[in-house]
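# Overview (structure and organization)
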Amino acid sequence: MAKEVPFDGPKDAPYYLIGEAPGRQEVEKGKPFVGGAGNILRKLLSESGIGRVECRIANVMRIKPPKNNFNIFSQHEVEAGIEYLKRDIGECSPKVLVPLGNHALKAVYGVTGITNWRGSILWSDEFKCKVIPTVHPSFIQGGNWEYAPISRFDFSLMREEVDKPFDPPLYNLRTGMTFGETIQEIDRLKQSEYLAFDLETTRAQAGGNAIITAVGFSDELGYACSIPFMKGLQSAWTAREEFRILDAIKELLETPSIKVIAHNSQFDMGVLAYTYGICVANLWRDTMCVAHVLHPELPKALAFVRSLYTKQPYYDHWSSLGGDWFLRYNAMDAAMAFEIAMNMEPRLEALELTTVYDKLVGNLIPVLMGMQIRGMKVDDTKRDAARKFLEQELIDTQHELDALAGETVDALSPKMLGNLLYNKMGLPTQFSKTTGKPTTNEAALMKLSKKYPSKMFSCIIKIRGCRKTISTYLDASLVDGRMH
Ligand code: URA
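Presented here is a report on the structure given in the accompanying data block. Within any chain, residue numbers begin from 1 and follow the written order of that chain's sequence. The predicted origin of the model limits local features to residues at a pLDDT of at least 70 and limits the giving and counting of side-chain atom pairs to 80 or more, whereas totals for whole chains, interfaces and linings rest on all residues. The side-chain values count all of the structure's non-hydrogen atoms but skip hydrogen atoms and water molecules.

## A word on the overall build of the chain
Only DSSP runs of H or I covering at least 4 residues are called helices, and only runs of E covering at least 2 are called strands; the numbering of each starts at the N terminus. When helices and strands are counted, the chain shows 19 helices and 15 strands. Viewed in the frame of its principal axes, the chain has a C-alpha envelope of about 75 × 65 × 45 Å. Out of the 484 residues belonging to the chain, those deemed buried represent 47%. In what follows, a contact means two residues having at least one pair of non-hydrogen atoms within 4.5 Å. Considering only residue pairs separated by 6 or more positions, the chain has 68% of its internal contacts joining residues 24 or more positions apart. Summing over all exposed atoms, the chain offers an accessible surface of approximately 24200 Å²; the carbon and sulfur share of this is 54%. The positive count covers Lys and Arg only, the negative count covers Asp and Glu only, and His and the chain ends enter neither. Where a charge lies is defined by one atom per residue type: Lys uses NZ, Arg uses CZ, Asp uses CG and Glu uses CD. Between the averaged position of the 57 positive side-chain charges in the chain and that of its 58 negative side-chain charges there is a distance of 6 Å. Whether a residue is buried, partly exposed or exposed follows from its accessible area with a 1.4 Å probe, protein chains only, as a fraction of its type maximum: under 20%, in between, or over 50%, in that order. For the accessible areas, the method is Shrake-Rupley and the probe is 1.4 Å, while residue cover comes only from the protein chains on display.

## Here we look at the side chain of T397
Summarising the element assignment, T397 is placed in helix α16 (residues 380-405). Its relative accessible area of 5% is what places T397 among the buried residues. Under the rule applied, a polar contact is a pair of N or O atoms within 3.5 Å (in protein, one hydrogen donor and one hydrogen acceptor; residues adjacent in sequence only if both atoms are side-chain atoms). At 2.5 Å, the side chain of T397 forms a polar contact with the backbone oxygen of E393. Ignoring any residue separated from it by four or fewer positions in sequence, one finds T397 in contact with C459, K462 and I463.

## Here's the deal with the state of the cysteines
We call a pair of cysteine sulfur atoms a disulfide whenever their separation is within 2.5 Å. Applying the stated criterion to the full structure yields zero disulfides. No disulfide involves C92; its sulfur sits 11 Å from the nearest other cysteine sulfur, which is in C129. Classification of C92 as buried rests on a relative accessible area of 6%.

## Concerning helix α3 (residues 75-92)
An expected span of 1.5 Å times one less than the residue number is assigned to each helix. Between its first and last C-alpha, α3 extends 26 Å over 18 residues, near the 26 Å set by a 1.5 Å rise per residue. Those residues of α3 lying buried are V78, G81, I82, L85, D88, I89 and C92. Here the buried residues of α3 occupy an arc of 125 degrees about the axis, which is enough to place them on one side. Seen from the buried face of α3, the exposed residues on the opposite side, beyond 90 degrees, are H76, E83 and E91. Elements that come into contact with the buried residues of α3 comprise β1 (15-19), β2 (55-59), β3 (96-99) and α4 (102-109). Downstream of α3 by one or two residues, S93 has phi in the positive range, about 45 degrees. Think of it as the arc spanned by the lines of direction from the helix axis to the C-beta atoms.

## Some points on the environment of V108
On the secondary structure map, V108 appears in helix α4. Taking C-alpha positions, V108 is 58 Å from T381, a pair spaced 273 residues apart along the chain. Ignoring sequence-local partners within four residues, the contact set of V108 consists of I18, L85, I89, L97, P99 and F127.

## Structural notes on the sheet that holds strand β8 (residues 212-220)
By the convention used here, strands pair only if DSSP detects at least 2 bridges between them. Strand order in the open sheet formed by six strands is β6-β9-β8-β7-β12-β13, and the pairing between neighbours is mixed. Each end of this open sheet is capped by a strand with a single partner; those strands are β6 (172-174) and β13 (283-286). The average undirected angle you get between the axes of adjacent strands in this sheet is 25 degrees. Sheet topology places strand β7 (residues 194-201) next to strand β12 (residues 259-262); three bridges connect them, and they run parallel. Angles run from 0 to 180 degrees between N-to-C directions of axes, and those axes are lines fitted to C-alpha atoms, restricted for helices to the stretch in contact.

## Notes on a nonpolar patch on the surface
Side chains of L364, V367, L368, M371 and M376 sit close together on the surface and give an oily, nonpolar patch of about 410 Å² of accessible area. The dominant element in the nonpolar patch, judged by the number of residues it contributes, is helix α15 (residues 364-374), at four residues. With respect to the helices and strands, M371 occurs in helix α15. What goes into a patch is any residue over 30% in relative accessible area without a salt bridge, connected to like charges within 9 Å or, for nonpolar side chains (Val, Leu, Ile, Met, Phe, Trp, Tyr), within 5 Å. When a carboxyl oxygen of Asp or Glu lies within 4 Å of a side-chain nitrogen of Lys or Arg, that pair is called a salt bridge.

## Details of the packing of helix α14 (residues 354-362) against α15
Here α14 crosses α15 at 25 degrees, and the two axes come no closer than 6 Å. In terms of orientation, α14 and α15 fall into the roughly parallel class. On α15, the residues that touch Y357, L360, V361 and G362 of α14 are L364, I365 and P366. For this classification, the nonpolar set comprises Ala, Val, Leu, Ile, Met, Phe, Trp, Tyr, Cys and Pro, the charged set comprises Asp, Glu, Lys and Arg, and every other residue, Gly included, is treated as polar. For the contact of α14 with α15, the per-class residue count stands at six nonpolar, one polar and no charged. If an angle is under 35 degrees, it is roughly parallel; if it is over 145, roughly antiparallel; if it lies from 65 to 115, roughly perpendicular; otherwise it is oblique.

Coordinates in, geometry out; function isn't part of it.
So, in structure tokens, the structure goes:
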């Protein structure tokens, strides 16, 4: 019978932290989070000013998973673990529930995608408390070190939120406007001082000829609207109406006095210019580029930047809910770009980075957009030389790998590699954290190479890298001698 590791910490603690399952050290000491992941957790807590005594620390499962792979637990075992966990949460009535990683998030909030949901202030009707998820400390320890400051941010948020009532931000998202209302609204927006916009488009082809499916605008905090262009596969308007709306949008975005805001404007402005002949006159802030100036080491996607600069929880799943949700999602993206830009501004000024943004970054955007639209001219002679060089590298590295393995190895076949590493060589099987299945991905190879140093691992990684470079850049088809 596997030894159970009981939950730890006072039952009246305001914070209730939930991990996955104990590891070897936890079983030895009979306490959760006392090993490597526990060290990281302790640091995160102390850096954010949360005492361990203020936390109840639990796990979805109280026993160590076979081979340290949570996915090996049966559904029945996990259900029993969750039932026990939920009973304990019910008895504790915490103020903030903190799922650490996907298994805990799924157990108490019913969703997965921890890197999307982290940093969101959610509400649990079941437990009548806030839920603020963050990544599992072992995810950080496993090489995702950029998540250390992100998780620290999440813990600071928990501390800030612990005694506040749940008060989610409210946004007025206007959708479903008639043609007349749409024209009126665009006219009204012409008076804006600041205007955020966001496009939803069909997938871009080489050359950037994507089609707009919806456009969102926001000209004040808490408000945004969305104008549809497609309803399923049909146009949302008659041809004449669509022409009028596009004309009004052109006039709006080409008004030099309006300070325009967008996230990843290069893409949106490229589509507007290339497909619709609309040239944004006065791009004031690209929130993705400002994020790059303010914290270049952190992710730049809107969903991530949103978690740093607004209180709006994760909402990207709205886009696939169908109907009006897609337009609400589009409007919310515009509302977020507006709010993020406003909240970034004091920081940009305090760090004296406004000039850096204006002169070095903002000025580059139209140049990069031009490159994106026109593509990059390729020097055929240099491309041939690069291909020759990489193909020789591939031959040499393959020889080296085959000699080391004593057989011909296909570095691109996970099945063959898995068989070689885990069956023939008997190395410990590495499992994917997401699928729970055996993996030979780069992280697994790096982990193995640390414990079992062999040139084989770097040969496999090099072969994969060369092949990727060849297929992405050297085999890419050119349009008029340009790569897109
Ligand atoms: N990881 C967990 O998820 N729980 C522990 O208790 C220790 C490590």
